[in-house]
2 protein chains.
Amino acid sequence: MVDTVAESRDPAVEAALDKAAEACAARGGQMTELRRQVLRLILSARAPVGAYALLDQLRAARPGAAPPTVYRALEFLQEQGLVHKVERLNAFVGCAGPDAHHHCGHGHDHPHQFLICGRCGATTEVCDDRVAHAVADAARATGFVPHRTTVEVEGLCAACALAA
Amino acid sequence: MVDTVAESRDPAVEAALDKAAEACAARGGQMTELRRQVLRLILSARAPVGAYALLDQLRAARPGAAPPTVYRALEFLQEQGLVHKVERLNAFVGCAGPDAHHHCGHGHDHPHQFLICGRCGATTEVCDDRVAHAVADAARATGFVPHRTTVEVEGLCAACALAA
DNA sequence: TCCGGGCTGATATAGTGTAACGCCCGACCG
DNA sequence: CGGTCGGGCGTTACACTATATCAGCCCGGA
């Protein structure tokens, strides 16, 4: 075995990492090795990952890693719009890449919604403008000035709904 | 001082507690003294309250109270629709009273949204059908079967927006 | 009487997130 | 060159949030 446990190195993930680094640089952010490692772990996971799960995996490459190590990386990645937190799960998912949402006219701080399958744990991000507008309108109707919005739906994904 | 610290005993809160107890009983739930105390603390607060803040206050009346004491009460109150959790804050707020939402045709498990002021901490619950429908529609469009929805908007409340 | 379920007490532990200090290093400037 | 300033990271310690588990109590029904 040439590759160690930590490396499944999906080429698609590596490509996404390179694109992310590029996007960061364009905004004045530095995609350091640590941040890249954390983002790789998130993008390689099939479901949202908890901070401490990331920490465990990270220690393979960085024995000295501690909670602040991963939380600081996560904070950066969230600011860059590369990662979102799923509040209901206290876990993190990669954003398909902000670029993937350019079609709906949003930048890297785009509004998004999560569909969380309570059975298989799959969490998919959608980007629905009607939802975003409805929420913003409802807020503004009360004089509230919206800044950031969290929308998370728990239920059954299409596959699990059929299986059930 | 006749009343001790723990008792501000807002008559409106007491009335809400009585109504809540009634509503619980109608559904087969028991509003015990402990649960009533926890609900009173939540309804008396101006902002969402953390479980451990509740615990601290609760200990005035129940020296032996421990985390499970308050979490069990909270679980019951949430099931009864008397309390909601604000995920972004890991804190709990009283529901205006499910009855307050009968006007929009929902029962005690009604869809709701939170407007969280990042400056003063005030958190208001709204009940907007367009939002609820937009979210449900967006989810169903992907074959997802929605079960429970969390919508939380962080921003500035009307008062703070003016002050800022 | 005995059983069972719901509620609470009590202890222990798991999981999530931050504060605070200090070091290194590279950028920038006099 | 020397200084210093800021960002990123290591490290320790701690705060906050949540749950598992076992035991005791009360009450209503068989």
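For the structure, check the block above.
The structure displayed is predicted, hence computed values, not measured ones. (Residues numbered from 1 in each chain as written. Chains lettered and ligands numbered in written order. Predicted model: local features only at pLDDT ≥ 70, side-chain atom pairs only at ≥ 80, totals over all residues. Heavy atoms only, no water.)

### Describing the overall build of chain A
Our working definition: Helix and strand assignments follow DSSP, with helices taken as H or I runs no shorter than four residues and strands as E runs no shorter than two, numbered in order from the N terminus. Categorising residues by exposure relies on relative accessible area from a 1.4 Å probe, with only protein chains included: less than 20% of the type maximum marks a residue as buried, more than 50% marks it as exposed, and the intermediate range marks it as partly exposed. In this description, contact between two residues means that some pair of their heavy atoms is separated by no more than 4.5 Å. Here the open area of atoms and residues is found with the Shrake-Rupley method and a 1.4 Å probe, where only the protein chains shown may cover a residue.
When helices and strands are tallied, chain A shows six helices and five strands. Sequence-ordered secondary structure for chain A, helices as α and strands as β, is α-α-α-α-β-β-β-β-α-β-α. In chain A, buried positions account for 42% of the 164 residues. A separation of at least 24 residues holds for 52% of the contacts in chain A among residues at least 6 apart in sequence. When the accessible surface of chain A is totalled, it reaches about 8,600 Å², and 52% of it is carbon and sulfur.

### Some details on the interface of chain A and chain B
Quick reminder of the rule: Buried surface area refers to the total accessible area, computed with a probe of radius 1.4 Å, that the two partners give up upon joining, counted for both partners together. Think of a salt bridge as a Lys or Arg side-chain nitrogen and an Asp or Glu carboxyl oxygen that are within 4 Å of each other. Pairs of N or O atoms within 3.5 Å make up the polar contacts considered here, provided that, within protein, one atom can donate a hydrogen while the other can accept it, and that residues adjacent in sequence are counted only when both atoms are side-chain atoms.
With 31 residues of chain A in contact, the opposing surface of chain B contributes 31 residues. For the pair chain A and chain B, the summed buried area comes to about 2,600 Å², and 62% of that belongs to carbon and sulfur atoms. Together, Arg88, Phe144 and Arg148 of chain A form the three largest contributors to the area buried by chain A at its contact with chain B, with a combined 22%. Here chain A and chain B share three salt bridges between them. Between Glu154 of chain B and Arg148 of chain A there is a salt bridge, and its shortest N-O distance comes to 2.8 Å. Run the count over chain A and chain B and you get 10 residue pairs in polar contact (both at pLDDT 80 or more). The set of elements that each furnish at least two residues to the side of chain A that touches chain B consists of β3 (113-117), α5 (129-140), β5 (145-156) and α6 (158-163) of chain A. In terms of residue count, β5 of chain A provides more of the side of chain A that touches chain B than any other element does, 12 residues in total.

### Structural notes on the packing of aromatic side chains
Residue and element names in this part refer to chain B. Where we set the bar: We call Phe, Tyr and Trp rings a pair once their centres come within 6.5 Å, taking the six-membered ring for Trp, and we label the pair stacked below 30 degrees between planes, edge-to-face above 60, and tilted otherwise. Any Lys NZ or Arg CZ found within 6 Å of a ring centre and within 35 degrees of that ring's normal is scored as a charge over the ring.
Inspection of every chain in the model, using the stated rule, returns two aromatic pairs over all chains. Judged by centre distance (6.3 Å) and plane angle (65 degrees), the ring pair of Tyr52 and Tyr71 falls under edge-to-face. Of the two residues, Tyr52 sits in helix α3 (residues 51-61) while Tyr71 sits in helix α4 (residues 67-79), which places them 19 residues apart along the sequence. With a relative accessible area of 39%, Tyr71 lands in the partly exposed category. The ring of Phe76 has Arg35 lying over it, and the distance from NZ or CZ to the ring centre is 3.8 Å.

### Looking at the packing of helix α1 (residues 11-26) of chain A against helix α2 (residues 33-44) of chain A
Residues and elements named next belong to chain A. Under the convention used in this document: Axis angles are defined between N-to-C directions and span 0 to 180 degrees, where every axis is a line fitted to C-alpha atoms and, for a helix, only to the segment in contact. Any angle that falls under 35 degrees is termed roughly parallel, while one over 145 is termed roughly antiparallel, one within 65 to 115 roughly perpendicular, and all others oblique. Note: crossing handedness is left-handed where the near helix turns anticlockwise from the far helix by less than a right angle, and right-handed where it turns clockwise. Just so you know the grouping, Ala, Val, Leu, Ile, Met, Phe, Trp, Tyr, Cys and Pro go in nonpolar, Asp, Glu, Lys and Arg go in charged, and all remaining residues, Gly too, go in polar.
In the contact formed by α1 and α2, the axes pass within 10 Å of each other and the chain directions differ by 135 degrees. One finds that α1 runs oblique with respect to α2. Crossing of α1 against α2: the hand is right-handed. Contact residues: α1 offers Val13, Glu14, Ala16, Leu17, Asp18, Ala20 and Ala21, while α2 offers Arg36, Leu39, Arg40, Leu43 and Ser44. In terms of residue class, the contact of α1 with α2 is made up of seven nonpolar, one polar and four charged.

### Here we look at the protein's contact with DNA strand D
Defined as follows: A cutoff of 4 Å decides nearness: a residue is near a molecule or strand if any of its heavy atoms lies inside that distance of it.
Residues in contact with DNA strand D amount to 17 residues; listed here are only the nearest, Thr32 and Arg72 of chain A together with Tyr52, Tyr71 and Lys85 of chain B. Tyr71 of chain B is positioned with one of its side-chain polar atoms (N or O) 2.9 Å from a phosphate oxygen of DNA strand D. Interatomic distance of 2.3 Å between a side-chain N/O atom of Lys85 of chain B and a phosphate oxygen of DNA strand D. Looking at the surface near DNA strand D, the elements with two or more residues in it are α2 and α4 (67-79) of chain A together with α4 of chain B. Per element, the largest residue contribution to the surface near DNA strand D is four residues, and it comes from α4 of chain B. In the surface near DNA strand D, the residues fall into seven nonpolar, five polar and five charged.

### Quick notes on the protein's contact with DNA strand C
Taken together, 17 residues sit near DNA strand C, with Tyr52 and Lys85 of chain A together with Thr32, Arg62 and Arg72 of chain B positioned nearest. Considering the 4 Å shell around the protein, atoms of DNA strand C inside it are sugar or phosphate in 51% of instances. Breaking the surface near DNA strand C down by element, the ones donating at least two residues are α4 of chain A together with α2 (33-44) and α4 of chain B. With four residues, the single largest contributor to the surface near DNA strand C is α4 of chain A.

### Quick notes on helix α5 (residues 129-140) of chain B
Selection criterion: Helix span, expected: 1.5 Å multiplied by one less than the number of residues in the helix.
For α5 of chain B, with 12 residues, the first-to-last C-alpha span of 16 Å sits near the 16 Å given by 1.5 Å per residue. As for α5 of chain B, its buried residues are in contact with β3, α5 and β5 of chain A together with β3 (113-117) and β5 (145-156) of chain B.

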